[in-house]
Amino acid sequence: MNPLVPSSPAPPTPESPAGPPVGIVGTGYVGLVTGLALAELGHPVICLDVDRAKVAALRAGQAPFHEPGVDALLARHRDHLRFTTDPAEVFGPCPVVFVTVDTPPGPSGDADLSRVEAVVAAIPTGAELVMAMKSTVPAGTGRRITRHLRATGRHGVRYVSNPEFLREGSAVPDVLHPERVVLGADDAVAADAVAALWAPLGAPVVRCDVASAEMVKLAANAFLATKISFVNEIANVCDAVGADVATVARGMGLDSRIGAAFLNPGIGYGGSCFPKDVAALKQLAGNSGYHFQLLSAVIEVNELQKRRIVVHLADRLGQLQGARIALLGLAFKPGTDDLREASSLVLAARLAAEGATLVVHDPVVGDHALGLLPPGTAKVARAADALAGADAAIVVTEWPEYLDLVRPEVAASMARPLLVDGRNLIDPEAAASAGFEWVGVGRPDCFPAQIDLEAPAAVPVAGS
Ligand code: UDX
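The shown structure was predicted, so the numbers you read here are calculated from the model rather than taken from an experiment. Going along each chain's sequence as written, the residues are numbered from 1 onward. Under the rules for a predicted model, residues below a pLDDT of 70 receive no local features and side-chain atom pairs below 80 are neither given nor counted, while totals for whole chains, interfaces and linings still include all residues. Only hydrogens and water are set aside when side-chain values are computed; all heavy atoms of the structure are taken into account.

Draft legend 1. Here's a closer look at the sheet that holds strand β10 (residues 357–361). Read from one edge to the other, the open sheet built from six strands follows the order β11-β10-β9-β12-β13-β14, with strand pairing classed as parallel. With one partner strand each, in any of the chains shown, β11 (378–379) and β14 (437–439) form the two edges of the open sheet. In this description, contact between two residues means that some pair of their heavy atoms is separated by no more than 4.5 Å. Lines are fitted to the C-alpha atoms to define the axes, a helix being fitted only along its stretch in contact, and any angle between axes, read from their N-to-C directions, falls within 0 to 180 degrees. Helix and strand assignments follow DSSP, with helices taken as H or I runs no shorter than four residues and strands as E runs no shorter than two, numbered in order from the N terminus. Packed on one face of the sheet, helix α11 (residues 293–317) meets β9 (324–328), β12 (392–395), β13 (418–421) and β14 and runs near 165° to β13. At least two bridges found by DSSP between two strands is the condition for calling them paired.

Draft legend 2. Fine view of the site of the ligand. Lining the immediate environment of the ligand, one finds 18 residues, of which F165, L166, E168, N264 and K333 sit closest. Between the ligand and N264, the relevant distance is 2.9 Å, taken from a nitrogen atom to a main-chain nitrogen or oxygen of the residue. Working definition of accessibility: Shrake-Rupley area with a 1.4 Å probe, residue cover restricted to the visible protein chains. Relative to its unbound accessible surface of 660 Å², the ligand loses 91% to contact with the protein. A total of three residues in the shell around the ligand trace back to one element, the largest contributor, which is helix α8 (residues 210–241). If a single non-hydrogen atom of a residue is within 4 Å of a molecule or strand, that residue counts as near it. Polar contact criterion, stated in full: a pair of N or O atoms within 3.5 Å, where within protein one must be able to donate a hydrogen and the other to accept it, and residues adjacent in sequence count only if both atoms are side-chain atoms.

Draft legend 3. Spotlight on the layout of surface pockets. Cavity: a set of points on a 1 Å grid over the protein atoms alone where a 1.4 Å probe fits but cannot get out. Pocket: an open set with protein on both sides within 12 Å along at least five of seven lines, its lining residues, like those of a cavity, having an atom within 4 Å of a point. Grid points are joined across faces, edges and corners, and a volume is the space filled by probe spheres set on the points. Taken as a whole, the second largest pocket spans an internal volume of roughly 230 Å³. As for the second largest pocket, its lining consists of V245, A246, A249, R250, L254, A260, L263, N264, P265, R423, N424 and R443. Amino acid classes used here: Ala, Val, Leu, Ile, Met, Phe, Trp, Tyr, Cys and Pro are nonpolar; Asp, Glu, Lys and Arg are charged; the rest, including Gly, are polar. Considering only residue class, the lining of the second largest pocket consists of seven nonpolar, two polar and three charged.

Draft legend 4. Layout of the side chain of S343. As for its placement among the helices and strands, S343 is situated in helix α12 (residues 343–353). In this structure the side chain of S343 is engaged in a polar contact, spanning 2.9 Å, whose partner is the backbone oxygen of I267. Setting aside residues up to four positions removed in sequence, S343 forms contacts with I267, G268, Y269, K306 and R423.

Draft legend 5. Examining the confidence of the model for the protein chain more closely. Confidence scores here are pLDDT values: one per residue, from the predictor, ranging 0 to 100. Scored by pLDDT, the protein chain comes out at a mean of 93, with 93% of its residues at no less than 70. Every residue in residues 1–10 is under pLDDT 50, and counting partners more than four places away or in other chains gives 18 contacts. Considering only residues more than four positions removed or in separate chains, one finds that residues 457–464, a stretch of pLDDT under 50, has zero contacts.

Draft legend 6. Spatial organisation of the pattern of salt bridges. Whenever a carboxyl oxygen of Asp or Glu lies within 4 Å of a side-chain nitrogen of Lys or Arg, that contact is scored as a salt bridge. Scanning the model with the defined rule gives 25 salt bridges in all. Among the salt bridges present, the one from K276 reaches D277, with a minimum N-O distance of 3.1 Å. We call a residue buried when its accessible area falls under 20% of the maximum for its residue type, exposed when it is over 50%, and partly exposed in between, using a 1.4 Å probe and counting protein chains only. A relative accessible area of 12% means that K276 is categorised as buried. For D277, a relative accessible area of 1% corresponds to the buried category. Notably, a salt bridge pairs D445 with R316, separated by 2.3 Å at the nearest N-O pair. Separated by 129 residues along the polypeptide, D445 in the segment after β14 and R316 in helix α11 bring together distant segments of the chain. Residues joined by salt bridges that share partners form a network here, namely R316, R416, E437 and D445.

Printed below as a string of structure tokens:
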């Protein structure tokens with residue numbers, strides 16, 4: 001029998017957890033949701049974090065971030081989840097410990113592994129456990145950590161790479177219904193221990209070596225980011241040639257080799273993963289002597305996409321100096337209060353630099369956001385209040401509640417009813433009938449007045 005695979009006479013249930021506790025180090029999105037999912041699968045869970053305030057809040061049942069389903073699971077599994085700042089509570093009782101600390105980009109663009117290294121340093125000599133790495137790390141990290149563990153006499157620690165693919169905003173269902181479980185290990189016993197924990201989810205398992213598992217995560221995120229930058233460039237060409245990217249994306253996406261997902265153009269991707277992981281993969285390739293040209297373009301397109309809208313707006317308004325601009329949405333995407341690498345921050349800084357006055361709204365992001373926005377920015381609690389008196393409004397985050405703004409009285413409350421839809425959220429015709437001048441990304445503009453299709457087009461004729 002494999003001593004590392006938790007066994008129990010009866011299958012564990014959320015009400016009656018069984019087996020040894022599972023350890024989680026780092027209670028960010030990945031760590032907390034992984035811990036909650038394991039509790040949901042019937043395991044007692046012990047979560048370790050260095051942040052005392054966060055641990056105190058979690059003990060009181062308060063999640064440190066907005067994520068649908070997390071509060072309910074925290075309440076449901078209160079009795080089977082322990083939160084601690086003491087490494088001894090995890091490195092001892094837990095045969096499997098998931099490492100879920102953050103790996104932000106360092107000054108060189110490489111992933112900063114200092115938090116991972118701190119976790120490795122905290123594992124005592126004599127520990128017998130499987131270290132399951134969920135943090136996104138450069139390929140080669142697992143091999144280096146294993147070597148370091150052996151060199152420091154910690155022969156009882158077995159390493160497994162088990163990357164996480166959850167998305168913020170749908171983290172709970174993503175973890176409970178994964179499309180695949182990737183397990184990279186040089187040690188089948190260790191891989192079995194982690195596989196046994198996720199087996200009840202019934203997902204296909206990709207078993208491989210550690211470096212390949214590490215690469216799966218980086219490659220998947222880089223590919224998705226590439227898809228977004230690609231469709232953003234297609235949208236920009238659609239703008240130039242008068243095509244509609246919504247139709248183009250639909251026509252492309254119905255080809256099963258392409259797929260419809262991640263073909264929504266907008267004002268660029270953000271968040272804690274794509275910008276960091278694309279940069280980290282590019283850097284990893286560069287450090288290994290390979291110039292990953294495509295990713296340089298993906299990053300550049302994404303940066304330009306955030307700024308492009310400012311030029312559009314300046315063209316429409318004549319000038320931005322003194323203009324009052326409403327930003328609808330601050331979070332990097334709906335369903336989260338996360339501002340990491342959010343397009344809203346770049347947009348706000350650029351607009352303020354051009355002399356615009358900003359009024360912002362977000363349904364979940366708190367007032368702490370004002371610390372990241374240009375001085376003088378006003379934040380309002382009702383979206384309609386952001387639009388009142390504004391010279392233009394920009395949909396930055398596609399929160400569904402912004403669809404309720406498409407009403408004649410809201411358009412009438414604006415100094416100029418210019419609605420720049422940075423996420424192609426709103427139906428252009430509905431916006432135009434409510435009295436808005438609607439501008440999307442890669443879509444024909446829509447004006448309140450009927451466009452005269454009979455009027456002769458001002459297209460220069462070759463040779464004339
Ligand atoms: C992503 C990956 O999807 C997930 O698998 C990984 O574990 C972490 O990184 P997340 O950052 O939570 O998840 O959000 P995601 O839904 O993937 O969106 C990322 C960014 O891309 C957002 O800014 C979103 O607005 C943008 N995006 C997404 C687009 O601009 N267009 C699209 O079609 C899809």
